[in-house]
Amino acid sequence: MDMHVFEQATQDILTVLPQSSPNFARLRELAHTNASPIVTVIGKYNHGKSRLLNELIGEDVFAVADRRETIALAEHQHQQVRWLDAPGLDADVFGQDDHLAHEALWTQSDIRLFIHSVREGELDSAEHPLIQQLHQDQQCSQRQTLLVLTQIDQIADPNVLADILATISQQVPNTPLFPVSATRHRQAIAGNKQVLLKKSGMIELSEALTTALNHVPQARLHEKKHIITETQSQLQQLKQQHQQDLEQLQQLQITQRQAFEQDLNKVLDKIQDDLQPLFQISGTDEALVPDSFENMFKMTAGKQERARIQVAYSRACIDINSHLIRYGVVGLPSPQQTNVRSLDTVMVAVMGVSVKFRDDLKKIFCSTSGRERLQREFAHYFELSVDREALKQNITALNKLLALDEKASIALQHLELELC
Ligand SMILES: Nc1nc2c(ncn2[C@@H]2O[C@H](COP(=O)(O)OP(=O)(O)OP(=O)(O)O)[C@@H](O)[C@H]2O)c(=O)[nH]1
Ligand SMILES: [Mg+2]
């Protein structure tokens, strides 16, 4: 497939599923159609990995030595197969070569030859879990791992060798073992010795390898489908989660607003009730009698009445303000703020500072248009409060995530069409 298209699609998918990165590194390998199968040797240093590859290929292409030899990934193409000689698993303390071995093992290889020398006896605590991991991977990916036990010529006593093989067999039950000797194989080929060739174990290994190689095209198709199906279900789960989160937040948005409005109405009802006695007057409304110059410093009935009205108004404002605080409406939104802090409140913005006459109180709290104005204005500031803004931002963010999920789904459908 067009690798540019592949990279774009992969990027769309990994944006929402970054944890799928190793899977997509593998898929990138699989996307190269008709690429030769890759066989990787893996195992501890000095266990005979390079030498075994040379025997399988029939040429001394990989360096062999009695010490840590292969420190970088070496590669050789031979008869439609790419052979990768990985550094020994424990070759590099700094991790760079381990990283290469890991890449070769998990990203590149179609077939793994897990090499263990019988001179070391049973599988050790690093080898055993790795081979189990490889077998688990085989269940999903159909990539085969052959457990090759090298240097069998180094164990002179056949009973001792049989014991070692039996122990390893117990460590990894149901796993075919391929005991081999590269030296015997070399001698057998050089001297055309059939008995020694049989005793080298290389015939069985070659046959098993051929079968595995023949299976590679089918395994690759299976693996591509497997990665895509797995990603589809992860993406589906992610989408559902985001959808669910979004619905929850939207629901919260509605219920919070409803609760705010209902409680505000209760507060306004209470204020109306509280104000009723103030409206029941007989005779003149003293509050309307203006102050005269002579009365400037005297307590008049008019002043008393206006003070009563102002107190009732303040009480109403206090009731509303505690409602606002309960719902997180604590200050004016920043663009509306002045530098007079005491006036920077939603209450002042909506209500003004004072009311002295009964009619004004009635208009504000008891007329339909007055109540509607209060409901509208306070709801407006409620929506601008910090928590409500945050909620809105979360909803916007989730909508963006869902759009990215959708984009990833489309990219994945595209990859499925192209690759499977
Ligand atoms: N007797 C005997 N020696 C072997 C056999 N296979 C490998 N050797 C020797 O074991 C040593 C290590 O072999 P290599 O193939 O270099 O081992 P390696 O696993 O590639 O080692 P690194 O590259 O360092 O990880 C060399 O001296 C080989 O000649 C075998 O089947 N029999
Ligand atoms: Mg080597």
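The model shown is predicted, which means the values in this text are computed figures rather than measured ones. (Residues numbered from 1 in each chain as written. Chains lettered and ligands numbered in written order. Predicted model: local features only at pLDDT ≥ 70, side-chain atom pairs only at ≥ 80, totals over all residues. Heavy atoms only, no water.)

S.K.: Looking at this model, I keep getting lost on the overall build of the chain. Mind explaining?
M.R.: What the chain contains, in helices and strands, is 14 helices and six strands. Here the chain, with 420 residues, has 42% of them falling under the buried criterion. Sequence separation of 24 or more characterises 73% of the internal contacts of the chain that already satisfy a separation of 6 or more. Summed over its atoms, the accessible surface of the chain is roughly 22,800 Å², and 52% of this surface lies on carbon and sulfur atoms. Treating the 41 positive side-chain charges of the chain as one cloud and the 54 negative ones as another, the clouds have centres 6 Å apart. (Helix = DSSP H or I, 4+ residues; strand = E, 2+ residues; numbered from the N terminus. Buried < 20%, exposed > 50% of the residue type's maximum accessible area, 1.4 Å probe, protein only. Contact = heavy atoms within 4.5 Å. Areas by Shrake-Rupley, 256 points an atom, 1.4 Å probe, with all protein chains shown as cover. Lys, Arg positive; Asp, Glu negative; His and termini not counted. Charge placed at Lys NZ, Arg CZ, Asp CG, Glu CD.)

S.K.: For this particular structure, what's the right way to read the UniProt feature "coiled-coil region" (unreviewed entry) in the chain?
M.R.: Residues annotated by UniProt as "coiled-coil region" (unreviewed entry) correspond here to residues 221-255. Across residues 221-255, the secondary structure splits into 100% helix and 0% strand, with the terminal C-alpha atoms separated by 51 Å. (UniProt positions renumbered as here; feature names shortened; annotations may be inferred.)

S.K.: Just checking my understanding: could you explain unusual backbone geometry for this structure?
M.R.: In terms of backbone geometry, most residues other than glycine have negative phi values and most peptide bonds are trans. Phi at Asn 174 is positive, roughly 60°, even though this residue is not glycine. Within the element layout of this structure, Asn 174 appears in the loop between helix 6 (158-171) and strand 6 (177-179). A relative accessible area of 81% places Asn 174 in the exposed class. In this structure, Asn 192 is a non-glycine residue whose phi angle is positive, near 50°. Summarising the element assignment, Asn 192 is placed in the loop between helix 7 (182-191) and helix 8 (194-199).

S.K.: Hey, could you run me through the pattern of salt bridges in this one?
M.R.: When their charged atoms lie close together, side chains carrying opposite charge are able to pair. Within the structure shown, the criterion is met by 26 salt bridges. A salt bridge links Asp 124 to Lys 44; the shortest N-O distance between them is 2.3 Å. One end of the pair, Asp 124, is in the loop between strand 4 (111-117) and helix 5 (127-141); the other, Lys 44, is in the loop between strand 1 (38-43) and helix 3 (49-57), and 80 residues separate them in sequence. For Asp 124, a relative accessible area of 23% puts it in the partly exposed group. For Asp 60, the salt bridge is made with Arg 186, and the minimal N-O distance between the two is 2.8 Å. Here Asp 60 is found in the loop between helix 3 and strand 2 (74-78), whereas its partner Arg 186 is found in helix 7, with 126 residues between them in sequence. The exposed category is assigned to Asp 60, whose relative accessible area is 57%. (Salt bridge = Lys/Arg side-chain N within 4 Å of Asp/Glu carboxyl O.)

S.K.: Would you mind going over the sheet that holds strand 1 with me for this structure?
M.R.: Sheets are built from strands paired through backbone hydrogen bonds, the pairs being either parallel or antiparallel. Pairing is mixed across the open sheet formed by six strands, whose spatial order is 2-3-1-4-5-6. For this open sheet the edge positions go to strand 2 and strand 6, each flanked by a neighbour on one side alone. Strand-to-strand twist in this sheet, taken as the mean axis angle between neighbours without regard to direction, amounts to 25°. Relative to strand 6, strand 5 (residues 144-150) runs parallel, the two sharing three bridges. Pairing of Leu 147 across the sheet is with Leu 177, part of strand 6. Where helix 5 meets the sheet, its contacts fall on strand 4 and strand 5, and the angle it forms with strand 4 comes to roughly 160°. (Pairing = 2+ DSSP bridges. Axes fitted to C-alpha atoms, helices over the stretch in contact; angles between N-to-C directions.)

S.K.: I tried to follow the pairing of strand 1 on my own but got confused; where do I start?
M.R.: Consecutive residues of a regular strand have side chains that alternate between opposite faces of the sheet. Of all six residues in strand 1, six are buried; the element is thus mostly enclosed. By the alternation rule, side chains of strand 1 split into Ile 38, Thr 40 and Ile 42 and Val 39, Val 41 and Gly 43, which are all buried. In the sheet, strand 1 pairs with strand 3 (residues 81-85) via four bridges, with the strands oriented parallel. Bridging from a neighbouring strand, Val 41 pairs with Asp 85 of strand 3.

S.K.: Any chance you could explain the domain arrangement of the chain here in plain terms?
M.R.: For interface size, the figure often reported is the accessible area lost on association. The assigned domain composition of the chain is domain 1 (3-237) and domain 2 (241-405). On a C-alpha basis, the centres of domain 1 and domain 2 stand 74 Å from each other. (Domains from an automatic or database assignment.)

S.K.: Explain the environment of Lys 303 here, please?
M.R.: Within the fold, Lys 303 resides in helix 10 (residues 301-326). The sequence separation of Lys 303 and Ala 287 amounts to 16 residues, and the corresponding C-alpha distance is 6.8 Å. Once you skip the residues sitting within four places of it in the chain, Lys 303 turns out to touch Asp 291, Asn 295, Met 296, Phe 297 and Lys 298.

S.K.: Is there a simple way to think about the nonpolar core in this case?
M.R.: Soluble globular proteins: nonpolar side chains tend toward being buried together. In terms of nonpolar packing, the biggest core is built from 31 residues, with Ile 320, Met 351, Leu 361, Phe 365 and Phe 378 touching the most fellow members. Among the secondary structure elements, those contributing two or more residues to this core are helix 9 (202-279), helix 10, helix 11 (346-351), helix 12 (358-365) and helix 13 (368-383). It is helix 9 that provides the largest number of residues to this core, a total of eight residues. Setting aside anything within four residues of it in sequence, one finds Phe 378 in contact with Phe 260, Leu 264, Ile 320, Leu 324, Val 346, Met 347, Val 350 and Met 351. (Core = buried A, V, L, I, M, F, W, Y, C linked by side-chain atoms within 4.5 Å.)

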